Every structure is written in C-alpha cells, then in structure tokens.
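The lines below spell out each chain.
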Amino acid sequence: MIEFQALMRAIHKSVKDAAKSVEGETIDFIKRFFDEEERDDPKDPHNTTPVLRPKTCAMEFPSRTADGIENVTAEIPILALCPISSPRITEVKFSTELEVTTSKDDKLMVSFPDPNKKRSLMGGNKDSSDSANTKIEITLTGSEPPEGLKRLIEGYERTLRAQIPG
C-alpha cells in the first residue's frame, strides 16, 4: 500500500524527468545539424562567443545556360532535408487499476491489485470489504516544434530555394 499523494508525487517526478529528457533531445538536435565554430568578428576581436553553422552537403542541379545544360552546385543545409518533429510533453496518460482504501488516519491509500487473489462480482477482493477498485488515466502527447525552430528551418529552406536553378 502507498499513500495516493505519494503515488501522484512519484508520477509527477517521472513526468518532470521525462520532460528534461525530451529537452536534452533538443540539444542533441542542435549538435546533429550544426557545427560550433569560433567567431571571427573583425569589428569586435574580443567577441569570443561561438557561432553555430549549419552542416551542409553539396548537391548538383542541372541548369540551362546559353552553352547548354550545365551542373550548378548548391550548398544544402542538412536541416532543410530532414523531417523535424519536436517532442514535448503536454499531457500524460497513465492507466492502471488500483485498489483504494483509507488508512486509520483517513489518508487515501492505493495498491495495485494482486492478480492471484480471487475477486468478487463487484470487482473487489472477497476478503477486503473496505476497498474498491478504480482506474486512473493520464495521457502523454507530442506537439509541434517551437516557433523559433520552425522559422529557422523556413529560413534555410528559402536559402535552399534561392540556390536551386529554375
């Protein structure tokens, strides 16, 4: 048996830990699509803040010229070629059956039912008249990427379109 409040605190802590893990994926995302370089700012040589440059690949595209068809090379940000999803915990869904009782000091106590115990027609244990079964449900869903990331990707896509002939 565990106090219902302790169970809720444990679930809440797990959700917070999961949210931190998801945030860590954003940092991994940045490392996957960007290289960190030292800033070379001739106007401010004391500015040593690193700059992130997008990882790119070179791709050739055919282009019609006066001399015929020639290949034009474009530097494509890899970020603009990959589908991007941004996991974020907005809702948690946790579903389980619980036996619910009260303690001597009127605290709500819960436990996971023992599948080996026989149950009555009402769903409770035959040997426990002061308990009841209930179901708790909490939902986890994802969401759209942050607006800043969407705009960043759109900017690289515009740069990509400007490089491609036609």
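Everything numeric in this text was worked out from a predicted model, so none of it was measured. (Residues numbered from 1 in each chain as written. Predicted model: local features only at pLDDT ≥ 70, side-chain atom pairs only at ≥ 80, totals over all residues. Heavy atoms only, no water.)

Undergrad: Quick question: what am I supposed to make of the packing of aromatic side chains here?
TA: Two aromatic rings are characterised by how far apart their centres lie and by the angle between their planes. One pass over the structure, following the stated rule, counts 2 aromatic pairs. A ring pair is formed by phenylalanine 29 and phenylalanine 33, whose centres lie 4.9 Å apart and whose planes are at 55 degrees; its orientation type is tilted. Taken as a pair, phenylalanine 29 and phenylalanine 33 lie in helix H1 (residues 4-33) at a separation of 4 residues, close to a single helical turn. There is no split in this pair, since phenylalanine 29 and phenylalanine 33 are both buried. Taking 6.2 Å as the distance between ring centres and 50 degrees as the angle between the ring planes, the aromatic pair formed by phenylalanine 34 and tyrosine 156 counts as tilted. One end of the pair, phenylalanine 34, is in strand S2 (residues 34-37); the other, tyrosine 156, is in helix H2 (residues 147-163), with 122 residues separating them in the sequence. Per residue, the accessibility class of phenylalanine 34 equals that of tyrosine 156, and both read buried. (Phe/Tyr/Trp six-rings, centres within 6.5 Å; stacked < 30°, edge-to-face > 60°. Helix = DSSP H or I, 4+ residues; strand = E, 2+ residues; numbered from the N terminus. Buried < 20%, exposed > 50% of the residue type's maximum accessible area, 1.4 Å probe, protein only.)

Undergrad: Help me out: how do you make sense of the pattern of salt bridges in this one?
TA: A side chain of one charge can pair with a side chain of the opposite charge when the charged atoms of the two come close. Summed over the entire model, instances satisfying the criterion amount to 6 salt bridges. The salt bridge partner of lysine 13 is aspartate 17, with a shortest N-O separation of 2.9 Å. Of the two residues, lysine 13 and aspartate 17 are both situated in helix H1; the distance of 4 residues between them amounts to about one turn of the helix. On the accessibility criterion, lysine 13 (52% relative accessible area) is exposed. Taking relative accessible area as the criterion, aspartate 17 reaches 38% and is therefore assigned partly exposed. A salt bridge links lysine 150 to glutamate 147; its shortest N-O distance comes to 3.9 Å. Highlighted residues: lysine 150 and glutamate 147, both in helix H2, separated by 3 residues, approximately one helical turn. Residue classification places glutamate 147 among the partly exposed residues on the basis of a relative accessible area of 44%. In this structure, a network of salt bridges that share partners links the residues Glu147, Lys150 and Arg151. (Salt bridge = Lys/Arg side-chain N within 4 Å of Asp/Glu carboxyl O.)

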